[in-house]
Amino acid sequence: MLDNTLSSRLPERINRLYELAHNIWWSWHPRGRDVFRSLDYPLWRSSGHNPVKQLSEMTGGKLLAAAEDPAFLAVYDSVMASFDEAMQKSDTWFAGSYQKDFQGPIAYFSMEFALHSSLPIYAGGLGILAGDICKEASDLGLPLVGIGFMYPQGYFHQHLNADGWQEEIYQQLSFQEAPIRPVLSAEGQRSIAQVRLANRSLSLAVWLVKVGRVSIYLLDTDVEGNTAEDRQLSARLYSSDPELRIQQEIVLGIGGVRVLRALGIQPVVWHANEGHSAFMGLERLREKIEDGKSFESALSAVQSNTVFTTHTPVPSGHDVFSPEIMDKYFADYWPSLGLEREKFLALGRPDSRGQAGFNMTALAINTSLKRNAVSRLHEMETRKMWQPVWPELSLEQVPITYVTNGIHVPTWISYELVELFEKYLGKHWPEKQDDPDFWKKLLDVPDKEIWMIHRALKSNLMEVIVGRAQQRWLDGEVTAQQVLTMGALLNSHALTIGFSRRFTGYKRPALILYDTERLKKIVNNPWRPVQIIFSGKSHPADLSGKYSIHNVCRIARDRAFQGRVAFIEDYDMHLARYLTQGVDLWLNNPLRLLEASGTSGMKAGINGVLNMSVRDGWWEEGYNGRNGFAVGANWESASSVEQDKEDAESIYRLLEDKIIPLYYEQDRSGVPHEWVKMVKESIVSIMPNFCASRMVKEYTEKLYYPLVGGNHK
Ligand SMILES: *Cc1c(COP(=O)(O)O)cnc(C)c1O
């Protein structure tokens, strides 16, 4: 099981490559990837930027040569020194202000963690947030442990067939080639803990992934002794089968608590990222009742150190299980809480009206003390949605607060901008990333310097897109026509709009195609061409999302659009980095009030890509009139049909009257000064307010610290 072979194959001089490859930290240190790139560039590429796979495929001869290559050793030594410094740093932000009040870690439960594209255990924004929180916790010295799943097939890979329909491809991940290590029980067993699933007992194995100083424990049901079906339970993310979902959620919530106990980890704060993991509250209730507490005092003890973050105002985003399913899985559990059926089911009800169905968000609310939404607007929507839990309180009094999402800057910023920051702001800029005044220095950077960096990032993106199309063509899997819809005709000088995110109804992925005749005129202007790059997956069961993808592809292959609309397959973190760094304009047009926060626009914003977004989620806080563009107004229309029409009109008008003229007003060396002014304003205003550093500090101060007895300042 242990890949001792790999560590023993490494020459002694460079044997810490094993440790580096098994810590995601390498991916967010600006020179981390250089170690693996310079080791063997072709293998680095063909391994999918997966150092563990790369190392396992390198020949002994090449490894020996590297161990004697002074150029390689210089990179290796310098990165390892930074690694040791980061791992041992004792004067962290957390150590300075909070450490003495925390007697144990924060346990962070999440169905998905997006850490790196080589570990595909995430689907979208929720996972990105969880991953970014873990990375930032490491940077700030916050003691956090994650609990999640090690899905061998993860989320699917997306291919489009010749007719432009999404096909889902599940690839089996080789665990030997993933940056994870098995965790064994004290007796040396694979099985760490057990949970009951209806009539049977299930054993859980655990994998450890290191994210800098943070450990994430990933649960796996593929253990000897489990039934063949149960061994598959953790194979994939987000099944639409309610039985599979509840089984996974029992494993995550109840199993997760038992695994932490078995490992001797004693959290002082428990954080449920979304309702999926809310069963953890039940298990901790059970423990306390077993210790002799009454139900009431056990419940308040559980609440007293539990945080719950809700991420969506869309009703289908909240799991509700039927009473029949609850009976099947919990009939032998609720007696251990000293409860009757009715009282047990009431824990998953938002109000006293006796609705059928057990709502995981209601359970999470009922078992936590601190609850938060993920933006200011979303806080109000969440209060409206859950007010029935507190019928006696007004909306303003509903005890749900907000912490606006943020992004882990070292993960999402381009290497080119890191160099610029180091030059103008100094090497220690990451420590100041949430200081608004600090960033103002960037306003003095010459326009041309910023613009040259942007141009380079844009051509990187085009290269990646064309390279992918070419590879698919070489593999003999696609027709020539498909290659054209994959961006083969894109022009790196044209104003380029990016729209990349999950394809699902409320995000209105095809809104910009609302009036195709008008759009044609916009994109086809020979002097001021515009192109649009789409990318994103649709949940396998989301037929309307799949239809939108098909619709985009239909336009992409329409000769009348001249190859200026493209759909790039298989959106993931890797592609997201290129897109959010390389397009000119980042389009986001959800139906207002339905996008809780959104984070991709923040990634774009810190890289100087201007946002054009509906004033929803984070953008309602981020938009200042000078750092991007607001689509529509900050109120809602009478109907969604009406809203689509108005917002589409707003997008076209912004493009025609403002954006295109601004972008193409370039001086003789091709620099659009007014545009660059906005680019700088985008970086300077978005960086300090939407970096994960600001977010994780806020979680600590507002939500975690009060739960360990501290006073929120
Ligand atoms: C950032 C990111 C998301 C979240 O995008 P939103 O626009 O906020 O929905 C989803 N998927 C990937 C791969 C990302 O990198």
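Residues numbered from 1 in each chain as written. Predicted model: local features only at pLDDT ≥ 70, side-chain atom pairs only at ≥ 80, totals over all residues. Heavy atoms only, no water.

A. View of the nonpolar core. Residues L17, L144, F279, L282, F330, F344 and Y704 are the most contacted members of the largest nonpolar core, which totals 138 residues. Counting contributing residues per domain, this core is built from domain 1 (5–88) and domain 2 (105–401), each supplying no fewer than three. Look past the residues within four positions of Y704 in its chain and what remains in contact with it is F102, I106, Y108, L142, L144, V269, H271, V307 and Y699. If you look at the next biggest cluster of nonpolar residues, it comprises 94 residues, including A114, I128, M602 and F690. (Core = buried A, V, L, I, M, F, W, Y, C linked by side-chain atoms within 4.5 Å. Buried < 20%, exposed > 50% of the residue type's maximum accessible area, 1.4 Å probe, protein only. Domains from an automatic or database assignment. Contact = heavy atoms within 4.5 Å.)

B. Spotlight on helix 30 (residues 692–707). Taking 1.5 Å as the rise per residue, helix 30 with 16 residues should run 22 Å; its terminal C-alpha atoms sit 21 Å apart, in good agreement. Of all the bends in helix 30, the greatest measures close to 35° and is centred on T700. With respect to burial, helix 30 is a largely interior element, 13 of its 16 residues being buried. Phi turns positive one or two residues past the end of helix 30, at G709, with a value near 95°. (Helix = DSSP H or I, 4+ residues; strand = E, 2+ residues; numbered from the N terminus. Expected span 1.5 Å × (residues − 1). Bend = angle between axes of the 7 residues up to and from the residue.)

C. Layout of the side chain of S110. Relative to the helices and strands, S110 is located in the loop between strand 1 (106–109) and helix 9 (125–140). Residue classification places S110 among the buried positions, given a relative accessible area of 0%. A polar side-chain atom of S110 sits 3.2 Å from a polar atom in the side chain of N273. With near-sequence residues (within four places) excluded, S110 lies in contact with A130, I147, G148, L252 and N273. (Polar contact = N/O pair within 3.5 Å; in protein donor to acceptor, adjacent residues only side chain to side chain.)

D. Region of the structure containing the packing of helix 23 (residues 516–524) against helix 28 (residues 640–664). Packing of helix 23 against helix 28 leaves a shortest axis separation of 11 Å and a crossing angle of 20°. Comparing the axis directions of helix 23 and helix 28 gives the class roughly parallel. You can see that helix 23 and helix 28 cross each other, and the crossing is left-handed. Residues R518, L519 and I522 of helix 23 form the contact with helix 28, whose participating residues are E649, Y652, R653, L655, E656 and I660. Taken together, the residues of the contact of helix 23 with helix 28 break down into five nonpolar, no polar and four charged. (Axes fitted to C-alpha atoms, helices over the stretch in contact; angles between N-to-C directions. Parallel < 35°, antiparallel > 145°, perpendicular 65-115°, else oblique. Left-handed = near helix turned anticlockwise from the far one by under 90°. Nonpolar A, V, L, I, M, F, W, Y, C, P; charged D, E, K, R; others polar.)

Keep in mind these values describe shape, not function.
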